[in-house]
Each structure stands twice: as structure tokens, then as C-alpha cells.
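Residue-level listing of the chains:
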Amino acid sequence: MSLSKTAVPLDVIRYNEQGLVPAIVQDYLDGTVLMMAWMNVDSLQKTLETGETWFWSRSRQELWHKGASSGHLQKVQTIRYDCDSDALLVTVEQVGDVACHTGERSCFHQVDGQIQTPMADTLSQVFAVICDRQAHPKEGSYTNKLLTGGDNAILKKIGEESAEVVMACKDDNPDAIAGEVADLLYHTLVALAHHQVDIKAVYQKLQARR
């Protein structure tokens, strides 16, 4: 895969005194910020030509191909530059779902000295909570009650919430529509977890159809 150089005019990017520009790398499906590294004109050109991320190592003073040794390659989907043309936003498909050399998904995984899953979009966050309840049941949890009930409980609620979405739309009530769709999405996420389907698989289907 190669990316069109017309999408990122190399001569428009404003590099710093060292000839570098910061590149923020983001998961193209759920928006998780994976890492930040530096690019120069050569690494940006290599990225455009190969469709995989290349950066400039300030410590080694050489180009490096992300994932070349670990296998955790980054397949570039889009490259954007900001309003001042001095920073890049690179959305990627992260092979292996690991971007950090520590083995974490994201380099931005530390909060007050603790390791925490990086933030993603709201649906992914809710799905992560559901999966955590599945792995670590909590007394009194509504999610655990649904999971314990299996398809009978979960699908019954999906049917009920679907009907309520229809009724809210028929009433043309924006707030009610938003609330009922939120309920339907939540119960659908529970169904995904129950059947061991990752939400990213749903995102991939949507991307393919987009």
C-alpha cells in the first residue's frame, strides 16, 4: 500500500530547527492515542511510499521502521497535518494491538504511576467495563445479572429496547430517542461480550461498509 503524496505535501510541512515534526499515532478504529514519535522529510516520504510508519530516532540518528523487529507494524490509514502545518496525526491499523515497547497497547498508559488502559471512544470504554464485569463479577451488578441470564435475558432486553427506540422515534422526541438508543447500544454490547465478539470486529465491519 502506498499513500498519495498529494495528501501530505512534503514541502508544506513546517519542520523544527532539527528538521523534525512530531507525529501523533492514533488507532483508526476507536481513536486511542497509541504513541508519539518524530518524523523528518525522509521518514515521512518512506511512510507515504510504504504505507507503514517510519520515524526518525533522535538517539540513534537514523530512520526506524516501526514494528520491523517486533512484528507490531502500523498500517497507515490517513495522515493529517494541523492548521500550522507543524504537527502530524497518523491513523493506523496497529498489528498485534501493541504499540509500546513495554508490551502495552499505548505508550500513554501511565496514570499516577499506575498502568491503566488508555481511553478510547465511549462505546469501547463501556464495552471494556462490561468485559471487566464478565471477568471479575461484582455483587449487585446489572451487567452480571444479564450475563448470568445468558441469551434469554440479554436478547429479551434487546428486543424490548429496540421497541422502545421505535416508539421514541414515532413520538419524535430527541431526548427520548438518544436515551433509548443508548440503552439499546449497551445491551447490544453485553450480547457481544457474552458471545466473545470484540467491539473492534464491529468497527471493522462498519469501516469496510463505509
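Here, the structure is the one placed above.
Below: a short report on this structure.

Calculation criteria
- Residues numbered from 1 in each chain as written.
- Predicted model: local features only at pLDDT ≥ 70, side-chain atom pairs only at ≥ 80, totals over all residues.
- Heavy atoms only, no water.
- Helix = DSSP H or I, 4+ residues; strand = E, 2+ residues; numbered from the N terminus.
- Buried < 20%, exposed > 50% of the residue type's maximum accessible area, 1.4 Å probe, protein only.
- Contact = heavy atoms within 4.5 Å.
- Areas by Shrake-Rupley, 256 points an atom, 1.4 Å probe, with all protein chains shown as cover.
- Lys, Arg positive; Asp, Glu negative; His and termini not counted.
- Charge placed at Lys NZ, Arg CZ, Asp CG, Glu CD.
- 1 Å grid on protein atoms, 1.4 Å probe; cavity = no way out; pocket = protein on both sides within 12 Å on 5 of 7 lines; lining within 4 Å.
- Points joined across faces, edges and corners; volume = space filled by probe spheres on them.
- Nonpolar A, V, L, I, M, F, W, Y, C, P; charged D, E, K, R; others polar.
- Pairing = 2+ DSSP bridges.
- Axes fitted to C-alpha atoms, helices over the stretch in contact; angles between N-to-C directions.
- Expected span 1.5 Å × (residues − 1).
- Bend = angle between axes of the 7 residues up to and from the residue.
- Polar contact = N/O pair within 3.5 Å; in protein donor to acceptor, adjacent residues only side chain to side chain.

### Topic: the overall build of the chain
A tally of regular secondary structure across the chain gives five helices and eight strands. Referenced to the eigenvectors of the C-alpha coordinate spread, the extents of the chain come out at roughly 60 × 40 × 30 Å. Counting all 210 residues of the chain, 35% fall into the buried class. The contacts in the chain between residues at least 6 apart in sequence include a share of 52% that link residues at least 24 apart. Within the structure as shown, the chain displays about 12,400 Å² of accessible surface, and the carbon and sulfur contribution to it stands at 53%. If the 19 positive side-chain charges of the chain are averaged to one point and the 28 negative ones to another, these points end up 5 Å apart.

### Thoughts on the layout of surface pockets
A volume near 510 Å³ is recorded for the largest pocket. Lining the largest pocket are 20 residues, with Arg 105, Thr 117, Pro 118, Ser 124 and Ala 128 positioned closest to its centre. Secondary structure elements with two or more residues in the lining of the largest pocket: α2 (122-135) and α5 (199-209). Looking at the lining of the largest pocket, its residues break down into eight nonpolar, five polar and seven charged. Among the elements that make up the lining of the second largest pocket, the one with the highest residue count is strand β2 (residues 33-39) (three residues). For the lining of the second largest pocket, the per-class residue count stands at nine nonpolar, four polar and one charged.

### Regarding the sheet that holds strand β1 (residues 21-27)
One open sheet accounts for four strands, arranged β2-β1-β6-β5; its pairing is mixed. The strands lining the two open edges of the sheet, one partner per strand, are β2 and β5 (74-81). Averaged over all adjacent pairs, the angle separating strand axes in this sheet is 25 degrees, with direction ignored. Summarising the sheet, β1 and β2 pair through six bridges and their orientation is antiparallel. Opposite Val 21, over in β2, you have Met 39 as the bridge partner. Of the strands in this sheet, β2, β5 and β6 (88-94) are in contact with helix α1 (residues 41-50), which crosses β5 at around 120 degrees.

### With respect to the pairing of strand β3 (residues 54-57)
What you see with β3 is no split at all: Trp 54 and Trp 56 on one side and Phe 55 and Ser 57 on the other are buried throughout. Bridge count for β3 against strand β4 (residues 62-65) is four bridges, and the pairing is antiparallel. Counted as the bridge partner of Ser 57 is Glu 62 from β4. Counting the residues between successive antiparallel strands, the hairpin from β3 to β4 contains four residues, one of them, Gln 61, with a positive phi of roughly 55 degrees.

### Observations concerning helix α3 (residues 142-170)
The periodicity of an α-helix, 3.6 residues per turn, causes residues three or four places apart in sequence to face the same way. With 29 residues, α3 ought to run about 42 Å at 1.5 Å a step, yet its terminal C-alpha atoms sit only 29 Å apart, falling short of that. Maximal helix bending in α3 amounts to about 125 degrees, located at Gly 150. Contacts from the buried residues of α3 go to α2 and α4 (174-194). Once α3 ends, the next one or two residues include Asp 172, with phi positive near 55 degrees.

### As for the environment of Asn 16
Summarising the element assignment, Asn 16 is placed in the segment before β1. For Asn 16, a relative accessible area of 26% corresponds to the partly exposed category. In this structure the C-alpha to C-alpha distance between Asn 16 and Asp 86, which are 70 residues apart in sequence, comes to 7.9 Å. Within the local environment of Asn 16, its side chain forms a polar contact with the backbone nitrogen of Gln 18, the two atoms lying 2.9 Å apart.

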